[in-house]
Amino acid sequence: MTGPTDAGTPSHPRTALAAARPVRLAVIDLLGLGLLGIRTRRTRAALSALGIAIGMATMIVVTGIPASSQAQLMRELSALGTNLLQVNALPDQDPPALLPAGSPGMVRRIGPVTGVSAVANTHALIRRSDRTDPGDGSGLTVLASQLDLLPIINAQVEHGSWLTPATARFPTVVLGSVAATRLGVLDVSPGDGPGQQVMVGDRWFTVVGILAAVPLLPEIDRSVLVGWPAAQSELGFDGHPTVLYVRSLEPAVEQVRAVLPETVSPQRPADVLVSRPSDALAAKRATENAFSALFLALAGVALLVGGIGVANTMVISVLERRSEIGLRRALGANRGQIRGQFLTESVALATLGGVTGTLLGLAGTVAYAGYHHWPVVVPLSSTLAGLGGAVVVGVVAGVYPSMRAAALPPTEALASV
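Predicted, not measured: the structure shown is a model, and the values here were computed from it.

Cut-offs applied
- Residues numbered from 1 in each chain as written.
- Predicted model: local features only at pLDDT ≥ 70, side-chain atom pairs only at ≥ 80, totals over all residues.
- Heavy atoms only, no water.
- Helix = DSSP H or I, 4+ residues; strand = E, 2+ residues; numbered from the N terminus.
- Buried < 20%, exposed > 50% of the residue type's maximum accessible area, 1.4 Å probe, protein only.
- Contact = heavy atoms within 4.5 Å.
- Salt bridge = Lys/Arg side-chain N within 4 Å of Asp/Glu carboxyl O.
- Pairing = 2+ DSSP bridges.
- Patch = residues over 30% accessible without salt bridge, like charges linked within 9 Å, V, L, I, M, F, W, Y side chains within 5 Å.
- Areas by Shrake-Rupley, 256 points an atom, 1.4 Å probe, with all protein chains shown as cover.
- Polar contact = N/O pair within 3.5 Å; in protein donor to acceptor, adjacent residues only side chain to side chain.

1. Some remarks on the overall build of the protein chain
Here is step 1 of the chain: For the protein chain, the count of helices and strands is 14 helices and eleven strands.
Here is step 2 of the chain: Out of the 417 residues belonging to the protein chain, those deemed buried represent 42%.
Here is step 3 of the chain: When contacts within the protein chain are restricted to residue pairs at least 6 apart in sequence, long-range pairs at least 24 apart make up 80% of them.

Okay, here's the thing in structure tokens:
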């Protein structure tokens, strides 16, 4: 029979030592303690989370809306011709330099080239009628055009129709936007628009279409376009193109430009002038870099403002909950557990605000982009970085308050009860 022992007292020294050892909190228990302050002070927690939510929403909006605007800008710039090159014969040569008649076909064999078309100056005069001064061409140019010109230069027919294999063989013309204005062919009603006749040289040509403005190619706007076969049969065109329009893959524009002279005229490449990529390409690249720097700066400011709000709330929370801290310390909670509780609460607040702000920012970006008919683009990297940044902000904002709470002596904390 064993000796008497006090009820509830461990009978072995090791058991007593183990009973005195502090209990470690499970993750779920730590999370519950961290959310305790949020559940009991919902209004303050909501206001604190709102601060970082506004910061996150601001970050999403100031990255999403410019990114959507940039996507629309890139689309418009690409449509204008960022991958378009022009090939001309060198001017002021004696005898005049000519591009070979077969040069469009030779250029098509370049790997990165996606399309080629050509126009040629027929040197014919265009007049509104036979009563107009024969020497007055209204500053317009009559160009022989290949049928595949429009998709290469991204031009659109505003009224009427483009040349077809049938109409290109007969005396028909399509007017550029400026040419239509100067010739008084503005309406599409019968007798005034397509169907009206103009005089090219000493022959009447029927207007079958009017082009919309081509911003990067004003020379097309000031032109009267005639089918290639009709220019040869009606205007004495010799078949040598004046300008080649070349489309290529955008990353290979510079490489294509470098080989075009030898491709177009192997015997006399020095007589070939190739335009540089359009200024729109340089603007596009500069815009990409400018937007990237703007995204980073605005995101940093938004997170900083949100972090200050969370830190301020947590410091006030520690001051108000001194009695709770003292009671927990008196019941055996160690400093690490107190730190963990307040740090968890800070991270939870920041995460709640980050998720809420992300949803608000996405909704705002979608609404704004939809209103302006832009493609909706929200950089995934910015969103993930923002959410990760919100967590980091919660950790940083909670470090000082949690350390301050853990440093409070139990007696001093309980004295405030």
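2. Overview of unusual backbone geometry
Here is step 1 of the chain: One non-glycine residue with positive phi stands out, namely His123, at about 60°.
Here is step 2 of the chain: Relative to the helices and strands, His123 resides in the loop between strand 2 (113–121) and strand 3 (126–127).
Here is step 3 of the chain: Note on His123: relative accessible area 67%, which makes it exposed.
Here is step 4 of the chain: Positive phi, close to 60°, is recorded for His373, a residue that is not glycine.
Here is step 5 of the chain: The residue His373 is located in the loop between helix 12 (335–371) and helix 13 (380–406) in this model.

3. Some remarks on the pattern of salt bridges
Here is step 1 of the chain: Applying the stated criterion to the full structure yields three salt bridges.
Here is step 2 of the chain: Of the charged contacts in the structure, one is a salt bridge between Arg108 and Asp148, with a shortest N-O distance of 3.4 Å. Taken together, the positions of Arg108 in helix 4 (residues 103–108) and Asp148 in the loop between strand 4 (141–145) and helix 5 (149–153) put the pair 40 residues apart, joining distant regions of the chain.

4. Some remarks on the pairing of strand 1 (residues 84–89)
Here is step 1 of the chain: Of all six residues in strand 1, five are buried, a share of seventy percent or more.
Here is step 2 of the chain: Two strands pair when backbone bridges link them, and strand 1 and strand 10 (residues 243–248) are joined in this way by five bridges, in the antiparallel orientation. The partner of Leu85 across the bridge, within strand 10, is Val246.
Here is step 3 of the chain: With three bridges connecting them, strand 1 and strand 11 (residues 272–274) associate as antiparallel partners. Paired with Asn88 across the strands is Leu273, a residue of strand 11.

5. Observations regarding a nonpolar patch on the surface
Here is step 1 of the chain: A cluster of nonpolar side chains, Val391, Val392, Val395, Val396, Val399 and Met403, forms an exposed patch at the surface whose accessible area comes to about 470 Å².
Here is step 2 of the chain: Mapped onto the secondary structure, Val396 falls in helix 13.
Here is step 3 of the chain: Overall, the relative accessible area of 60% leaves Val396 in the exposed class.

6. What about the side chain of Ser117?
Here is step 1 of the chain: With respect to the helices and strands, the residue Ser117 is situated in strand 2.
Here is step 2 of the chain: Here Ser117 falls in the buried class, since its relative accessible area comes to 0%.
Here is step 3 of the chain: A polar side-chain atom of Ser117 sits 3.3 Å from the main-chain amide nitrogen of Leu149.
Here is step 4 of the chain: Contact partners of Ser117, with chain neighbours within four places excluded, come to Gln146, Asp148, Leu149, Ile152, Val243, Leu244 and Tyr245.

Spatial relationships are all this shows, so hold off on functional conclusions.
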